[in-house]
Amino acid sequence: MWADPRSSPLETAPRLILFNKPYGVLTQFTDRSDPPRPTLGDYISEKGVYPAGRLDRDSEGLLLLTDDGALQARISNPRFKLPKTYLAQVEGIPDASALDSLCRGVTLKDGLTRPARARLIPEPEWLWPRTPPVRQRKTVPDSWIELTITEGRNRQVRRMTAAAGHPTLRLIRVAIGDWRLGTLAPGKWRPVQAQDPW
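Residues numbered from 1 in each chain as written. Predicted model: local features only at pLDDT ≥ 70, side-chain atom pairs only at ≥ 80, totals over all residues. Heavy atoms only, no water.

### Quick look at the overall build of the chain
Looking only at helices and strands, the chain has 4 helices and 11 strands in total. Each principal axis of the C-alpha atoms in the chain carries an extent, and together these give about 70 × 40 × 35 Å. For the chain, the residues scored as buried account for 44% of the 198 residues in total. Within the chain, counting contacts between residues at least 6 apart in sequence, those at least 24 apart form 72% of the total. Counting only carbon and sulfur atoms, one obtains 52% of the accessible surface of the chain, whose full area is about 11500 Å². (Helix = DSSP H or I, 4+ residues; strand = E, 2+ residues; numbered from the N terminus. Buried < 20%, exposed > 50% of the residue type's maximum accessible area, 1.4 Å probe, protein only. Contact = heavy atoms within 4.5 Å. Areas by Shrake-Rupley, 256 points an atom, 1.4 Å probe, with all protein chains shown as cover.)

### Details of the pattern of salt bridges
With the rule as written, the count across this model stands at 12 salt bridges. With its nearest N and O atoms 3.4 Å apart, the salt bridge here joins Asp56 to Arg155. Of the two residues, Asp56 sits in the loop between β2 (50-51) and β3 (60-66) while Arg155 sits in the loop between β8 (142-149) and α4 (156-163), which places them 99 residues apart along the sequence. Judged by relative accessible area, which is 33%, Arg155 ranks as partly exposed. A salt bridge links Glu60 to Arg170, with the shortest nitrogen-to-oxygen separation between them at 2.7 Å. Taken together, the residues Glu60 in strand β3 and Arg170 in strand β9 (residues 168-176) connect sequence positions 110 residues apart. (Salt bridge = Lys/Arg side-chain N within 4 Å of Asp/Glu carboxyl O.)

### Thoughts on α4
Among the residues making up α4, those that are buried are Gln156, Val157, Arg158, Met160 and Thr161. Looking at the buried residues of α4, the elements they touch are β4 (84-91), α3 (96-104), β5 (107-108), β8 and β9. Gly165, located one to two residues past α4, shows a positive phi value of around 90°.

### Brief notes about the pairing of β3
The element β3 is largely enclosed, with a buried count of 7 among its 7 residues. Pairing between strand β1 (residues 16-21) and β3: 6 bridges, direction antiparallel. By the bridge assignment, Ile17 is partnered in β3 with Leu65. Where β2 and β3 come together, 2 bridges link them in antiparallel fashion. Across the sheet, residue Tyr50 finds its bridge partner in β3, namely Thr66. As paired strands, β3 and β9 are joined by 2 bridges and run parallel to one another. The partner of Gly61 across the bridge, within β9, is Arg173. (Pairing = 2+ DSSP bridges.)

### What to know about the nonpolar core
Residues Leu40, Leu65, Leu102, Leu147, Ile149 and Met160 are the most contacted members of the largest nonpolar core, which totals 25 residues. Counting only elements with at least two residues in this core, the list comes to β1, β3, β4, α3, β8 and α4. Those residues in contact with Leu102, other than ones at most four positions away along the chain, are Ala116, Ala118, Ile145, Leu147, Met160, Thr161 and Ala164. Among the nonpolar cores identified, the runner-up in size contains 20 residues, and Leu18, Leu127, Val174 and Leu181 belong to it. (Core = buried A, V, L, I, M, F, W, Y, C linked by side-chain atoms within 4.5 Å.)

### Observations regarding the packing of aromatic side chains
On inspection of all chains with the given rule, the structure shows 2 aromatic pairs. Judged by centre distance (5.7 Å) and plane angle (50°), the rings of Phe19 and Tyr43 are tilted. Taken as a pair, Phe19 in strand β1 and Tyr43 in the loop between β1 and β2 lie far apart in primary sequence, 24 residues in all. Phe19 sits in the buried class, given a relative accessible area of 0%. Ring plane angle 45° and centroid distance 5.9 Å describe the contact between Trp126 and Trp128, whose orientation is recorded as tilted. Judged by its relative accessible area of 47%, Trp126 is partly exposed. (Phe/Tyr/Trp six-rings, centres within 6.5 Å; stacked < 30°, edge-to-face > 60°.)

Here's what the structure looks like:
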C-alpha cells in the first residue's frame, strides 16, 4: 500500500529555530516605541514562527521559536516542568547556605519557588562581551552560578538570586530541555529538529 504523500512527516514536522538573543532585544517581532527598540524581526527572517516562552530584554541567550502551537505550549507552559538552565553573574560569592536556599526554593512575593539546581562555576571562557558591559563595583566581588529551574515566573532567576542575597548582574540562558545554545553566536539562529522536549 502506498503512503499518502500529504501525510509525509517531512511535510508535517513543525519548524523549530534556536536563537541566541542579544542583550537589549525584545522577545517580539515588532515594537511601537518611538524610536523602536531592537526586536526579533531585526534578526530572524523566517515567517510564521513565534517565541516559545520569553526572555527578558536585559537577558541573553537561548530562545526557541516554532510554528507549532502544541510544541510552543509544551516548551513554555510551566505545568510541563521543562528545565531551563541559566548562567548568572551575581554580586558577591554565594556560600553553601545561599546555594542551598536556591536549591530548596526561595520565598518570593508570588510564593515559594520549586526546588532548583544551583552551583558555583568559573567564569565561562567562551563568553562573548556584553554591549553595554556590566557595571562592576571595585569593592564588591562577583561570581558565576549555574541555575536550573522548572518554572517560568516573571524575572524569576533575578528575583531568586536577589532573595538569596546575590543580585544578578548578567543573565544568559544556555539550555531549554535538551536544546542547548552551544556555539551559536549572539544574534544568530539556526533550524533544528523539533523532537520531543523531554
